[in-house]
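# Descriptive analysis of the structure
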Amino acid sequence: MPFTLATWNVNSLRQRLPQVLDWLRRVRPDVLAIQETKLSDHEFPVMAFAEIGYQPLINGQKGYNGVALIARHRMSRPVTELPGDPDDLQRRLLGAACGPLYLLNLYVPNGSEVGSDKYRYKLSWLERLHLFTAELLRREAHLVLLGDFNIAPADEDVHDPAAWQGKVLVSEPERQALRDLLALGLEDCFRRFDQPPGSYSWWDYRGGAFERNDGLRIDLILASAGLAAACSECRIDTRPRALEGPSDHAPVVATFDLHS
DNA sequence: ATGGCGTGCTCTGCACGA
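Thresholds applied
Residues numbered from 1 in each chain as written. Chains lettered and ligands numbered in written order. Predicted model: local features only at pLDDT ≥ 70, side-chain atom pairs only at ≥ 80, totals over all residues. Heavy atoms only, no water. Salt bridge = Lys/Arg side-chain N within 4 Å of Asp/Glu carboxyl O. Helix = DSSP H or I, 4+ residues; strand = E, 2+ residues; numbered from the N terminus. Buried < 20%, exposed > 50% of the residue type's maximum accessible area, 1.4 Å probe, protein only. Near = heavy atom within 4 Å. Polar contact = N/O pair within 3.5 Å; in protein donor to acceptor, adjacent residues only side chain to side chain. Expected span 1.5 Å × (residues − 1). Arc of directions from axis to C-beta. Contact = heavy atoms within 4.5 Å. Phe/Tyr/Trp six-rings, centres within 6.5 Å; stacked < 30°, edge-to-face > 60°. Pairing = 2+ DSSP bridges. Axes fitted to C-alpha atoms, helices over the stretch in contact; angles between N-to-C directions.

### A few points about the pattern of salt bridges
A full pass over the atoms with the stated rule returns 20 salt bridges. A salt bridge links R175 to D155; the shortest N-O distance between them is 3.0 Å. Remark: D155 occurs in the loop between strand 8 (143-148) and helix 4 (161-164) and R175 occurs in helix 5 (residues 172-183); sequence separation between them is 20 residues. In this structure R175 comes out as buried when scored by relative accessible area, which is 10%. D155 sits in the partly exposed class, given a relative accessible area of 43%.

Shown next, in the form of structure tokens:
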């Protein structure tokens, strides 16, 4: 029975709600992980999703960050922070069991500039994620990490690798942190399949970057080894990025053919 | 080198994003 997962950084759910609802009605994934809702929990449009058959699990924050899992199935065992997170918690993570899977929806810190305080915060956040992922892999049979990783895994995920070399989202310490995470036993579902060159999930709003396909692939779906083998498709849906008033990210969708 | 675009708050400029 196919199980479809998607991730989308919506860059304000307040601004994007009609587009997100339209997309869910068309694509009907089992779960959509969204990032950058920029909404407090009490502002979240629960009813709008319920009306189209989806139940949200939310971890919100006023103005910045904020993540949610929108699912057609019951979710359980929620997790809203990483062990060791500072007290002034940024709402960047939401885990839950959903059907046969345990999902971890991530909005990895951007990092601002290599060498900045925010960059160091990004690397320390990735270290905490690494430790927590190792723990989850020990107890969950089928684990998926999905979301806005704010790291382009390799040069093929970057429209102009020479211009981006050493910059935030591409720098070696960030890529090494991602490789270390994968080495725990996760696979980048998108790269299990032949993909068109120039496949990206984010394009700057400025300078007609989307029209020129000047983008980065920073939105990822990582599956534990046994589960990745059941992944039958993974693609980036660029259509919403072409709409009027889009998010700067496109949704990424993966389908798993699970037995039993 | 800068700003370019979009969003939300401190709200008519600023911080932040990628």
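### Observations regarding the environment of R92
Position of R92 among the secondary structure elements: in the loop between strand 5 (75-79) and strand 6 (93-98). For R92, a relative accessible area of 9% gives the class buried.

### Some words on the protein's contact with DNA strand B
Residues in close proximity to DNA strand B total 22 residues, the closest being S12, Q15, N110, W202 and R206. One nitrogen or oxygen atom from the side chain of R16 is found 3.1 Å from a phosphate oxygen belonging to DNA strand B. Among the elements that take part in the surface near DNA strand B, helix 1 (residues 13-27) stands out by supplying three residues, more than any other.

### Remarks on helix 5
Here helix 5 spans 16 Å end to end across 12 residues, near enough to the 16 Å set by a 1.5 Å rise per residue. Residues of helix 5 that are buried: E174, R175, A177, L178 and L181. Burial along helix 5 is one-sided: seen end-on, the buried residues are contained in an arc of 155 degrees. Looking at the buried positions of helix 5, the neighbouring elements they touch are helix 3 (117-139), strand 8, strand 9 (186-188) and strand 12 (219-224). Residue G185 follows helix 5 closely and has a positive phi angle near 125 degrees.

### Some words on the environment of Y102
By the secondary structure assignment, Y102 is in strand 7 (residues 101-107). Filtering out sequence-adjacent residues up to four positions away, Y102 remains in contact with R77, P78, V79, G95, A96, A97, L136, E140, H142, L143 and V144. Of note is the side chain of Y102, whose polar atom sits 2.8 Å from the backbone oxygen of R77.

### Overview of the packing of aromatic side chains
Think of a pair of aromatic rings as described by two things: how far the centres are apart, and how the planes are tilted against each other in angle. Taken as a whole, this structure holds three aromatic pairs when the rule is applied. Ring geometry for W203 and F210: centres 4.9 Å apart, planes at 85 degrees, overall edge-to-face. With respect to burial, W203 and F210 carry one shared label: buried.

### Section: the sheet that holds strand 9
The six strands lie next to each other as 5-6-7-8-12-9, forming an open sheet whose pairing is mixed. In the strand order of this sheet, the two ends are held by strand 5 and strand 9, each with one partner. This sheet shows a mean twist of 20 degrees between the axes of neighbouring strands, independent of strand direction.

### Quick look at the pairing of strand 1 (residues 2-9)
With respect to burial, strand 1 is a largely interior element, seven of its eight residues being buried. Where strand 1 and strand 14 (residues 252-257) come together, six bridges link them in antiparallel fashion. Looking at the pairing, T4 lines up with T255 of strand 14. Pairing of strand 1 with strand 2 (residues 31-35), which is carried by five bridges, proceeds in the parallel orientation.

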